[in-house]
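Here is how the chains run, residue by residue.
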Amino acid sequence: MEYIVETKHLTKSFGKEKAVSNLEMKIPKGEIYGFLGPNGAGKTTTIRMLLGLMRPTSGSVQLFGKDMKNNRIEILKNVGSLVENPSYYPHLTAKENLEASRKILNVPKKRIDEVLQQVRLHGVANKKVKGYSLGMKQRLGIAAAMLHQPELLILDEPTNGLDPSGIIEMRQLIQSLPKEYGMTVLISSHLLSEIDQMATRVGVVSKGKMIFQDSIETMRKFAQASIQVKVNDNEAAWRSLLANGQKADLGEESVTLQAEDDEQVAASIRYLVQQGFSIYRVQEEKRSLENIFLEMTKEEQAG
Amino acid sequence: MILSLVKADFLKIKRKGMWLLCLIGPFGVVALQMVNYGVRKDYLFDQMDDRWLYYILNINTFTPLAIVLGIVILTSFMASIEDETNAWKQLVALPVSKRAVYLSKFTVVSCIVFLSSVLLFLFMLGYGLTLGLGADIPYLRIIEYSFLPFFAALPVLGLQLWVASVSKNQAIPVTLGAVGVILAYSAPLLPDWVIWKWPALSNDWDHSYINALLGIGFGLVLYVLGMIDFKRRDVK
Amino acid sequence: MFSVINSEWYKLRKSKVLFLLLIAPLIGLFIGIANSSIEIEGINAWHGKLVMMNFTYAILFLPLISGVLASVICRYEHQEGGWKQLLALPVTRGKVFLSKYLLLILLMLVMQLMYLVSIYLVGMIEGITDPFPMDIVWKSIFGGWVATLPLIALQLWVSIAFKSFAAPFAINVIFTLPTILVINSERFGPYYPWGQPFLMMNIGGSTEDVFFVPWDQILMVVGGSFLLFFIGGYLYFLKKAI
Ligand SMILES: Nc1ncnc2c1ncn2[C@@H]1O[C@H](COP(=O)(O)OP(=O)(O)OP(=O)(O)O)[C@@H](O)[C@H]1O
Ligand SMILES: [Mg+2]
């Protein structure tokens, strides 16, 4: 598969602390990749290394199949980015801010108006950015990232500070990018619900480690595959299931079956009945992605 | 690449008052002599037979201080424009090399200080002509004392830009600047190797062009060192 | 009030400002040792040292560094939303301004004392055996401090107004550099606020008064400019949109 972003054993230490450790990120072309993790997980640090702002302590970053270390400028010609809080020059207008980047990117002047239109700032284009609201500054940052129609767009918490309609606009805009321009988008967030609505792939990072990376469907499947069975003796039931080679977890008041399809559920129940357990209740628990996410990161923290 | 960076940097310094400083510096240096000669012209005329030379030397008591302080202010401004919202990260994430980013800042500050030197030449000559200092106008001397301090101050520029662009806290380069101006003011007491002495154009050999050449050479060294350090550092 | 000053001090301590105070005695040592003063028979050797050291220190360094200190004390607030955060606390703006000012002049006093130490050290290093003229030195150190009170008020004002260090420093430089020339003038020197640190530290001045300059000059020039700059800055801060 052709990966637009591929990191190998990516590690960054600040003193003794490892902010990112052995991270293997893979983003195929045309995907919207949701990069999830709680505060301080290492998302921004990873993104900084993807952009060559920081040098990895060890490991490598490859964008478009080229190594960041030796092809930084060539790579960055095709990358647009917004890292953490938007950067801007407060004493300049939105237009002048974009013009400062445009001169370096060497794109036609009309792009400025186009991107300002896309983020709905055209009405205030000639106002000094000093007087902008937080959301307007954020929009300007996104506009600057899209100025040169990059093949890869990296957005670090782009909906930070946007109002509800701004968030919806942004989501629509981001969703349209792969379809219309064949762009690949990396978007970080600590809100799963936000990513859930637009991402096609997700990577979950916690304490600097990638703990999950797959398509959003796989993650959703994760969410549906849990069946809880309440029996007279949960622990004995759990042991006997395990002994029979079936996957199960022991909960406080029930046994959770990790079954992948209906037939497996049926088989497990049949087995329990044959073993003489009294089955009180069988229920499907639809764990929300939020729950999975929390559990994933909790396990990491405990371990 | 470097040209577009320089153009972008010139755009960024709009409305920051840096062009005003470029004018105030040389104007102030000459204006001080306007006051000086305005108040005690006869006394000053009696001090030396070569009235032009004395006038030029009077101006040159302030030029090194103004140039050192001007460099401190301009380099700190350049850095704080990027520091203010941490725009370094957006700038460096553009397809430019960090070396070019640094070179561009150096170029812009040099251009402004050089323009100040041109203005100094014009003001110095202009006011000198109105004073009636004598018919023999020492054009070469005036050029020497307008432009050589700029070249002699390049190491200070290299050092200040370096410190300003890698410091998170601009108090550090500005304090260094305050110390630097004390050194520039104490130039006659200092050995020739102290870079802050050079803009005063005095040395043991009595050839001011030596200061300019040293300035260009050592300025280049400090520029390269600063650039290497700037490139080496992570952008936060 | 005290708690506001305390919190200001806490923020400052974290910003390593104490290193900044150390620059003053280092500069003192440098000027003191670099200059070889002429020894004149019958005159206390300390006097020569004092005249020469105070000259450079008071004309350029003192006004410039006081401006830097004023900018440092506003640095935290100028970073992302600091003013908002500070003023959202249950304190009045007036108290914040006053606390910052008081802390600044306190730091300046400490700096002057450290400079005093450097004078003494220079004398020790050079082996001056004459008695240390404490009465004169004291006058000079304290006088220099009084003379910076208005300058600090102005610098606090412009430091609140501008985010960058460069802008207040530029304003400071524009007023400080002419001092070199102005103090030569008998007519204008006494009226130039930026010349006062030198005049009040210059031990060659008249010695009958408490300081080296006459009382009416202190009251009029130092007192007048202090009132102007302090009230100006105070009102500006009260009205500043944050
Ligand atoms: N420049 C730095 N110096 C020292 N430590 C740092 C630096 N930058 C980040 N860290 C540390 O690295 C870890 C990861 O930080 P990072 O900013 O990447 O987190 P994040 O996932 O982006 O969090 P958030 O959701 O809050 O933005 C944190 O523990 C942080 O303290
Ligand atoms: Mg982050």
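Conventions used here
- Residues numbered from 1 in each chain as written.
- Chains lettered and ligands numbered in written order.
- Predicted model: local features only at pLDDT ≥ 70, side-chain atom pairs only at ≥ 80, totals over all residues.
- Heavy atoms only, no water.
- Near = heavy atom within 4 Å.
- Polar contact = N/O pair within 3.5 Å; in protein donor to acceptor, adjacent residues only side chain to side chain.
- Areas by Shrake-Rupley, 256 points an atom, 1.4 Å probe, with all protein chains shown as cover.
- Helix = DSSP H or I, 4+ residues; strand = E, 2+ residues; numbered from the N terminus.
- Contact = heavy atoms within 4.5 Å.
- Buried area = accessible area lost by both parts, 1.4 Å probe.
- Salt bridge = Lys/Arg side-chain N within 4 Å of Asp/Glu carboxyl O.
- Nonpolar A, V, L, I, M, F, W, Y, C, P; charged D, E, K, R; others polar.
- Patch = residues over 30% accessible without salt bridge, like charges linked within 9 Å, V, L, I, M, F, W, Y side chains within 5 Å.

Undergrad: Give me the site of ligand 1: which residues, what numbers.
TA: In the neighbourhood of ligand 1, 14 residues make up the surrounding shell, with Asn 39, Gly 40, Lys 43, Thr 44 and Thr 45 of chain A lying closest. Chains contributing residues to the immediate surroundings of ligand 1 are chains A and B. Interatomic distance of 2.9 Å between a backbone N/O atom of Gly 42 of chain A and an oxygen atom of ligand 1. Thr 45 of chain A has a polar side-chain atom sitting 2.5 Å from an oxygen atom of ligand 1. Burial of ligand 1 by the surrounding chains reaches 70%, relative to a free accessible area of 640 Å². Of all the secondary structure elements, the ones that give two or more residues to the shell around ligand 1 are strand S2 (17–23) and helix H1 (43–50) of chain A. For the shell around ligand 1, the element with the highest residue contribution is H1 of chain A, accounting for three residues.

Undergrad: Please set out the interface of chain A and chain B residue by residue, giving values where relevant.
TA: The interface of chain A with chain B comprises 31 residues on the first partner and 31 residues on the second. Sorting the residues of chain A by area buried against chain B places Leu 53, Tyr 89 and Ile 104 of chain A first, and these three jointly supply 24% of that buried surface. Counting across the interface, chain A meets chain B through three salt bridges. In this structure, the salt-bridge partner of Lys 14 of chain B is Glu 96 of chain A, at a minimum N-O distance of 2.6 Å. Scanning the region where chain A abuts chain B turns up 18 residue pairs in polar contact (both at pLDDT 80 or more). Of all the secondary structure elements, the ones that give two or more residues to the side of chain A that touches chain B are helix H2 (68–76) and helix H3 (94–105) of chain A. When the residues that make up the side of chain A that touches chain B are grouped by side-chain class, the tally is 15 nonpolar, six polar and ten charged.

Undergrad: Quick one: what's the story with a nonpolar patch on the surface, residue by residue and with numbers?
TA: On the surface, Leu 20, Leu 23, Ile 24, Phe 27, Met 34, Val 35 and Val 39 of chain B together with Ile 174 and Phe 188 of chain C cluster together into a nonpolar patch covering about 750 Å² of accessible area. With seven residues, helix H2 (residues 18–45) of chain B is the largest single contributor of residues to the nonpolar patch. Residue position: Val 35 of chain B is located in helix H2.

Worth remembering: the numbers are spatial, not functional.
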